[in-house]
Amino acid sequence: MKETISHNKEKVISIENLSKSFGKINVLNEVNLEVYKGENVVVLGRSGSGKSVLIKIISGLIKKDSGHVAVLGKEMESLDSKQLQELRLHIGFSFQGSALYDGMSVRENLEFPLIRNKRNLSKKELTESVEQVLHDVGLLQTIDQMPSELSGGQKKRIGIARTLILKPEIMLYDEPTGGIDPITCVELNNLINKVQEQYNTSSIIITHDLTCAKTTGNRIAMLIDGKIERQGNFDEVFASEDPRIRAFYNYNFITRS
Amino acid sequence: MAKDIRMDQQDGQAKTFGDRIMDFFASLFDIYKFIARFCKEAFTAPFEFRETIRQCFNVGYKSLAIITLTGFITGIVFTKQSRPSLSEFGATSWLPSLISIALIRALAPLITALIAAGKIGSNIGAELGSMNVTEQIDAMEVSGTNPFRFLVVSRVLATTFMLPVLMVYAGFIGLMGAFLNVHQNELTSFTTFIHDAFTRISFLDIFASVFKSLAYGFTIGITGCFLGYKASQGTVGVGRAANSTVVASMFLIFIEEMVIVQIVNYMR
Ligand SMILES: Nc1ncnc2c1ncn2[C@@H]1O[C@H](COP(=O)(O)OP(=O)(O)OP(=O)(O)O)[C@@H](O)[C@H]1O
Ligand SMILES: [Mg+2]
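Computed from a prediction, not measured in an experiment: that's the story for all the values here.

Broken down by element type, chain A carries 9 helices and 10 strands. Here chain A has a C-alpha radius of gyration of 18 Å; the compact-globule value for 257 residues is 18 Å, and the two agree. Considering only C-alpha atoms, chain A reaches an extent of 55 × 45 × 40 Å along its principal axes. When burial is assessed residue by residue, chain A has 54% of its 257 residues classed as buried. Here the analysis covers contacts within chain A between residues at least 6 apart in sequence; of these, 68% occur between residues at least 24 apart. A total accessible area of about 11,900 Å² is found for chain A, and carbon and sulfur atoms account for 49% of it. Charge separation in chain A, taken as the distance between the mean sites of 33 positive and 33 negative side-chain charges, equals 3 Å.

Okay, structure coming up:
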């Protein structure tokens, strides 16, 4: 279990009373959550509880209904599209399904955000950056492969590398260990911790995997029925008597053994 | 919970005629918004020159072989089929002008458009559809690239500008097919054939065909992009986007053909 980060540091993400519905379905209902600088916050919740919706709102992919979301001190609502684009360069988003561009090789996937955002890089600088992040995620050998030739775990890591290449201050991980074998899970968890240290990121990590939560999170937040029900370190959260939290804990270990 | 689901389904079944009409207008409004956004983003900087050129090349390259083949065959077959009725009047010397009028006014634009709808339209629908359902479009957006400009504007511009080019090419290849057949049967020389073929063609004919092709190209591009961009429900949605792009754009092409022919006849 990781230690908690002191909360007198600056907030990088602050969410207040955030609500979001799709039609009649109320997905998020007055969510409050803060992420402090250098902190990994794990959001745990069942499938369909709105975890992906939450981080998509943070990155501006989905519009909220009400409440406040501020990222790096900027209120999302007040940004025009240019400022939003600028802000997004500081936010890395690792998608649930990796979302690699499947028409491009690994190298082109990694070059894409660089070429698009820093127009005057030389060929050599490009290659250096690409090789550096690939080395950091431990997949230098895949540089000339196509995404369809990679395994699920490799795709996840390339997806993370593609966001790291812009040196983001915030990382949003959507189920980094979803659908992946336990050993690769450990590798991914280690990668998340390495990114936190090496790139000085603050992160939100979405998962329903308790091992991932325990090894990567400085703080855990349980998202239940559209609300953050309990926050704290791993033991604090699961000391709860709330049957929904107990069930989450128990089932996780039943399915693992 | 189970009860909720059942009730939902009943709600779905109970979709009345009125609801369907409302849905129809809602999607018309979506299309309108999509086209309006296209116009706004296509004519403001920053432009995606490189990607547009790449897409133009893609459109041309992908359909060149099949357009060559169908254009050529159309030229030959149309000549063969027209000969008997003309020879009844001893008027086979009219073949070149008859064929060129048919090809340039109607056949070349239509063949090109229908083939492009099948080949390029379905491709755009499937490509954007799969990028959409696998969150690649979202990934582009969060990494600081405007996906609408990069994916949609470039593709729509490419189909719009490439269709006239392909149409001219199809017309030329069709005429070559016709020439081979005419040369074989009537021993007409190439210069005579070309001369006869173009005496009855007016500037308006060519202009109308180019204009038609621009319209068809835009239709194919925007339909494919719209349906792909809105695709949902996983892999099923991708197939559906590709399929409905072909159906919808072919349908629209025939409607446009009818309208444009009326207008041109009025101007003639
Ligand atoms: N674009 C959308 N339109 C309509 N409904 C949506 C949309 N996105 C999500 N939802 C709904 O919001 C709810 C939460 O979805 P979300 O993807 O956030 O779940 P999740 O917690 O990430 O689940 P999982 O662990 O399976 O990824 C679901 O009921 C889903 O149907
Ligand atoms: Mg999710």
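From this point on, the discussion continues.
Moving on: the packing of helix α3 (residues 106-117) of chain A against helix α4 (residues 123-136) of chain A. Residue and element names in this part refer to chain A. The contact between α3 and α4 brings their axes to 10 Å, and the two run at 115 degrees. In this structure, α3 meets α4 at a crossing whose hand is right-handed. Residues Val106, Arg107, Leu110, Glu111, Leu114 and Ile115 of α3 form the contact with α4, whose participating residues are Lys123, Leu126, Thr127, Ser129, Val130, Val133 and Leu134. The class makeup of the residues in the contact of α3 with α4 is 8 nonpolar, 2 polar and 3 charged.

In total, this model carries 17 aromatic pairs over all chains according to the counting rule given. Among the aromatic residues, those joined into a cluster by ring pairs are B:Phe34, B:Phe148, B:Phe226 and B:Tyr229. One cation-aromatic arrangement involves A:Lys20 over A:Phe22; the distance from NZ or CZ to the ring centre is 5.1 Å. Between the NZ or CZ atom of A:Arg162 and the centre of the ring of A:Tyr101, over which it lies, the distance is 4.4 Å.

Turning our attention to unusual backbone geometry. Keep in mind that most residues, glycine aside, have a negative phi and that most peptide bonds are trans. Here B:Ala45 and B:Pro46 are connected by a cis peptide whose omega angle stands at -5 degrees. Mapped onto the elements of the fold, B:Pro46 is located in the loop between α2 (17-42) and α3 (49-88). Of note in this structure, A:Lys167 is not a glycine but carries a positive phi near 50 degrees. Considering the arrangement of structural elements, one finds A:Lys167 in the loop between α5 (152-164) and β7 (170-174).

This brings us to the confidence of the model for chain B. Residue and element names in this part refer to chain B. Averaged over all residues, the pLDDT of chain B equals 90, while 95% of them reach at least 70. Throughout residues 1-12 the model reports pLDDT below 50, and contacts reaching past four residues in sequence, or to other chains, amount to 1 contact. Here the predicted complex carries an ipTM of 0.90, next to a pTM of 0.88.

Before going further, it helps to examine the domain arrangement of chain B. Residue and element names in this part refer to chain B. On domain assignment, one finds that chain B holds domain 1 (1-44) and domain 2 (48-267). Here the C-alpha centroids of domain 1 and domain 2 sit 31 Å apart. The interface of domain 1 with domain 2 comprises 10 residues on the first partner and 12 residues on the second. Summed over both partners, the interface of domain 1 with domain 2 comes to about 1,100 Å²; 77% of that surface belongs to carbon and sulfur atoms. The three residues of domain 1 that bury the most area against domain 2 are Phe34, Phe38 and Glu41, which together make up 61% of that side's buried surface. Our enumeration of links across domain 1 and domain 2 arrives at 1 salt bridge.

All names here are of chain A. Within the element layout of this structure, Thr207 appears in strand β8 (residues 202-207). Residue Thr207 is classed as buried on the basis of its relative accessible area of 2%. For the pair formed by Thr207 and Thr177, sequence separation is 30 residues and the distance between their alpha carbons is 7.4 Å. Leaving out residues up to four positions away in the same chain, Thr207 has contacts with Val42, Val43, Leu44, Gly45, Lys51, Glu175, Thr177, Cys212 and Ala213. At a separation of 2.9 Å, a polar atom in the side chain of Thr207 contacts the main-chain amide nitrogen of Asp209.

Thresholds applied
Residues numbered from 1 in each chain as written. Chains lettered and ligands numbered in written order. Predicted model: local features only at pLDDT ≥ 70, side-chain atom pairs only at ≥ 80, totals over all residues. Heavy atoms only, no water. Helix = DSSP H or I, 4+ residues; strand = E, 2+ residues; numbered from the N terminus. Rg over C-alpha atoms; globule rule 2.2 N^0.38 Å. Buried < 20%, exposed > 50% of the residue type's maximum accessible area, 1.4 Å probe, protein only. Contact = heavy atoms within 4.5 Å. Areas by Shrake-Rupley, 256 points an atom, 1.4 Å probe, with all protein chains shown as cover. Lys, Arg positive; Asp, Glu negative; His and termini not counted. Charge placed at Lys NZ, Arg CZ, Asp CG, Glu CD. Axes fitted to C-alpha atoms, helices over the stretch in contact; angles between N-to-C directions. Left-handed = near helix turned anticlockwise from the far one by under 90°. Nonpolar A, V, L, I, M, F, W, Y, C, P; charged D, E, K, R; others polar. Phe/Tyr/Trp six-rings, centres within 6.5 Å; stacked < 30°, edge-to-face > 60°. Lys NZ or Arg CZ within 6 Å of the ring centre and 35° of its normal. pLDDT = per-residue confidence, 0-100. Domains from an automatic or database assignment. Buried area = accessible area lost by both parts, 1.4 Å probe. Salt bridge = Lys/Arg side-chain N within 4 Å of Asp/Glu carboxyl O. Polar contact = N/O pair within 3.5 Å; in protein donor to acceptor, adjacent residues only side chain to side chain.

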